[in-house]
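This is what each chain is made of:
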Amino acid sequence: MRKKTISFELQVFETMDELGPEDKKLLQSAIEARKNAYAPYSKFNVGAAVLLQNGVVVIGNNQENASYPSGLCAERVAVFQAGAKYPGIAIKSIAITAMSENHMVDSPAAPCGNCRQAISEYEFRQKEPISILMMGEKGEVIKCNSLSDILPLGFNNTYL
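Here we summarise the structure given alongside this text.

1. Observations regarding the packing of helix H2 (residues 74-85) against helix H3 (residues 113-126)
One can describe the packing of H2 onto H3 by two numbers: an axis separation of 9 Å at closest approach and a directional angle of 25°. Judged by the angle between their axes, H2 and H3 are roughly parallel. For the element pair H2 and H3, the recorded crossing hand is left-handed. Side by side, H2 and H3 meet where Glu-75, Arg-76, Val-79, Phe-80 and Gly-83 of the first sit next to Asn-114, Cys-115, Ala-118, Ile-119 and Tyr-122 of the second. For the contact of H2 with H3, the per-class residue count stands at 6 nonpolar, 2 polar and 2 charged.

As C-alpha coordinates, then:
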(Lines give C-alpha, C1' and ligand atoms only; values in the text may rest on other atoms or scores of the structure.)
Protein backbone atom coordinates (compact mmCIF):
# COMPACT_ATOMS: atom_id res chain seq x y z
CA MET A 1 0.00 0.00 0.00
CA ARG A 2 1.06 3.57 -0.71
CA LYS A 3 -0.36 6.77 0.64
CA LYS A 4 -0.59 9.90 -1.45
CA THR A 5 -1.51 13.44 -0.59
CA ILE A 6 -3.36 15.58 -3.07
CA SER A 7 -3.09 19.29 -2.42
CA PHE A 8 -3.27 22.54 -4.33
CA GLU A 9 -2.60 26.19 -3.87
CA LEU A 10 -5.28 28.85 -4.01
CA GLN A 11 -5.30 32.59 -3.63
CA VAL A 12 -7.53 34.35 -1.11
CA PHE A 13 -8.37 38.01 -1.62
CA GLU A 14 -10.02 39.93 1.22
CA THR A 15 -12.35 41.68 -1.24
CA MET A 16 -12.80 41.83 -4.99
CA ASP A 17 -11.01 45.21 -4.96
CA GLU A 18 -7.72 43.29 -4.57
CA LEU A 19 -8.22 41.46 -7.87
CA GLY A 20 -6.48 42.38 -11.09
CA PRO A 21 -8.56 44.31 -13.65
CA GLU A 22 -9.45 41.27 -15.79
CA ASP A 23 -10.60 39.14 -12.83
CA LYS A 24 -12.45 42.06 -11.24
CA LYS A 25 -14.34 42.76 -14.48
CA LEU A 26 -15.24 39.08 -14.85
CA LEU A 27 -16.52 38.87 -11.27
CA GLN A 28 -18.54 42.04 -11.81
CA SER A 29 -20.14 40.37 -14.86
CA ALA A 30 -21.06 37.41 -12.66
CA ILE A 31 -22.63 39.76 -10.09
CA GLU A 32 -24.71 41.38 -12.84
CA ALA A 33 -25.76 37.94 -14.13
CA ARG A 34 -26.77 36.92 -10.59
CA LYS A 35 -29.37 39.71 -10.54
CA ASN A 36 -31.37 37.90 -13.25
CA ALA A 37 -31.30 34.44 -11.69
CA TYR A 38 -34.63 32.63 -11.54
CA ALA A 39 -34.61 31.10 -8.06
CA PRO A 40 -38.14 31.36 -6.63
CA TYR A 41 -37.82 28.08 -4.68
CA SER A 42 -34.36 28.13 -3.13
CA LYS A 43 -34.06 31.94 -2.95
CA PHE A 44 -30.36 31.28 -3.71
CA ASN A 45 -29.26 33.37 -6.68
CA VAL A 46 -26.07 32.45 -8.50
CA GLY A 47 -24.33 34.26 -11.32
CA ALA A 48 -21.47 33.00 -13.47
CA ALA A 49 -19.31 34.65 -16.09
CA VAL A 50 -16.98 32.79 -18.45
CA LEU A 51 -14.01 34.53 -20.05
CA LEU A 52 -13.02 33.03 -23.40
CA GLN A 53 -9.56 33.15 -24.96
CA ASN A 54 -10.89 35.61 -27.56
CA GLY A 55 -11.88 38.07 -24.80
CA VAL A 56 -15.62 37.46 -25.01
CA VAL A 57 -17.48 37.11 -21.70
CA VAL A 58 -20.47 34.75 -21.60
CA ILE A 59 -22.82 34.90 -18.60
CA GLY A 60 -25.21 32.51 -16.95
CA ASN A 61 -27.40 32.34 -13.86
CA ASN A 62 -29.29 29.59 -12.12
CA GLN A 63 -32.65 28.68 -13.60
CA GLU A 64 -34.91 26.75 -11.23
CA ASN A 65 -37.99 24.72 -12.02
CA ALA A 66 -40.87 23.46 -9.89
CA SER A 67 -39.61 20.00 -10.83
CA TYR A 68 -36.29 20.54 -9.04
CA PRO A 69 -34.05 18.26 -11.10
CA SER A 70 -35.11 20.15 -14.24
CA GLY A 71 -33.34 23.35 -13.21
CA LEU A 72 -29.79 24.27 -14.17
CA CYS A 73 -26.94 25.90 -12.26
CA ALA A 74 -25.41 29.21 -13.36
CA GLU A 75 -22.04 27.67 -14.10
CA ARG A 76 -23.43 25.12 -16.54
CA VAL A 77 -25.70 27.70 -18.19
CA ALA A 78 -22.64 29.90 -18.86
CA VAL A 79 -20.29 27.10 -19.90
CA PHE A 80 -22.82 25.38 -22.17
CA GLN A 81 -23.80 28.70 -23.74
CA ALA A 82 -20.11 29.45 -24.40
CA GLY A 83 -19.66 26.01 -25.96
CA ALA A 84 -22.75 26.42 -28.14
CA LYS A 85 -22.10 29.98 -29.22
CA TYR A 86 -18.29 29.88 -29.50
CA PRO A 87 -17.32 26.27 -30.31
CA GLY A 88 -13.59 25.63 -30.30
CA ILE A 89 -12.76 28.80 -28.33
CA ALA A 90 -11.00 27.88 -25.08
CA ILE A 91 -12.38 28.97 -21.73
CA LYS A 92 -9.80 30.98 -19.83
CA SER A 93 -11.62 31.46 -16.52
CA ILE A 94 -14.99 31.42 -14.81
CA ALA A 95 -16.27 33.65 -12.01
CA ILE A 96 -19.05 32.50 -9.67
CA THR A 97 -20.95 34.53 -7.10
CA ALA A 98 -23.97 33.70 -4.95
CA MET A 99 -26.44 35.42 -2.65
CA SER A 100 -29.43 34.28 -0.65
CA GLU A 101 -32.66 36.11 -0.02
CA ASN A 102 -32.73 34.38 3.39
CA HIS A 103 -29.29 35.26 4.80
CA MET A 104 -26.00 36.97 3.96
CA VAL A 105 -23.63 34.77 1.93
CA ASP A 106 -20.28 36.12 3.05
CA SER A 107 -18.06 33.20 2.09
CA PRO A 108 -17.13 32.03 -1.41
CA ALA A 109 -19.61 29.76 -3.15
CA ALA A 110 -17.95 26.82 -4.91
CA PRO A 111 -19.50 24.98 -7.85
CA CYS A 112 -21.55 21.87 -7.11
CA GLY A 113 -20.33 18.44 -8.21
CA ASN A 114 -22.32 18.47 -11.45
CA CYS A 115 -20.87 21.85 -12.42
CA ARG A 116 -17.34 20.74 -11.52
CA GLN A 117 -17.73 17.76 -13.83
CA ALA A 118 -19.15 19.89 -16.65
CA ILE A 119 -16.33 22.45 -16.40
CA SER A 120 -13.82 19.62 -16.11
CA GLU A 121 -14.96 18.27 -19.48
CA TYR A 122 -14.10 21.58 -21.12
CA GLU A 123 -10.76 21.84 -19.32
CA PHE A 124 -9.79 18.31 -20.32
CA ARG A 125 -10.91 18.83 -23.92
CA GLN A 126 -9.05 22.10 -24.40
CA LYS A 127 -5.91 20.83 -22.59
CA GLU A 128 -5.58 24.18 -20.81
CA PRO A 129 -6.52 25.05 -17.23
CA ILE A 130 -9.64 27.04 -16.44
CA SER A 131 -9.14 29.31 -13.44
CA ILE A 132 -12.04 29.60 -11.01
CA LEU A 133 -13.00 32.75 -9.07
CA MET A 134 -15.52 32.22 -6.26
CA MET A 135 -17.30 34.77 -4.09
CA GLY A 136 -20.41 35.00 -1.97
CA GLU A 137 -22.47 38.17 -1.90
CA LYS A 138 -19.58 40.00 -0.26
CA GLY A 139 -16.30 39.25 1.45
CA GLU A 140 -13.42 37.02 0.42
CA VAL A 141 -12.73 35.91 -3.10
CA ILE A 142 -11.00 32.60 -3.72
CA LYS A 143 -9.10 31.96 -6.93
CA CYS A 144 -8.01 28.48 -8.03
CA ASN A 145 -5.65 28.06 -10.96
CA SER A 146 -7.49 25.10 -12.46
CA LEU A 147 -10.77 23.26 -12.17
CA SER A 148 -8.77 20.08 -11.59
CA ASP A 149 -7.60 21.64 -8.29
CA ILE A 150 -11.12 21.38 -6.86
CA LEU A 151 -11.94 18.12 -8.64
CA PRO A 152 -8.92 15.88 -8.19
CA LEU A 153 -9.11 12.42 -9.75
CA GLY A 154 -11.78 13.68 -12.14
CA PHE A 155 -13.59 11.45 -14.60
CA ASN A 156 -12.98 12.03 -18.31
CA ASN A 157 -13.36 10.28 -21.66
CA THR A 158 -10.16 8.25 -21.24
CA TYR A 159 -12.17 5.91 -18.98
CA LEU A 160 -14.80 5.18 -21.64
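2. A short note on the environment of Ser-131
Inspection of the secondary structure puts Ser-131 in strand S5 (residues 131-135). For the pair formed by Ser-131 and Asn-145, sequence separation is 14 residues and the distance between their alpha carbons is 4.5 Å. Ignoring anything within four residues of it in the chain, the contact list for Ser-131 reads Lys-92, Ser-93, Ile-94, Lys-143, Cys-144, Asn-145 and Ser-146.

Calculation criteria
Residues numbered from 1 in each chain as written. Predicted model: local features only at pLDDT ≥ 70, side-chain atom pairs only at ≥ 80, totals over all residues. Heavy atoms only, no water. Axes fitted to C-alpha atoms, helices over the stretch in contact; angles between N-to-C directions. Helix = DSSP H or I, 4+ residues; strand = E, 2+ residues; numbered from the N terminus. Parallel < 35°, antiparallel > 145°, perpendicular 65-115°, else oblique. Left-handed = near helix turned anticlockwise from the far one by under 90°. Contact = heavy atoms within 4.5 Å. Nonpolar A, V, L, I, M, F, W, Y, C, P; charged D, E, K, R; others polar.

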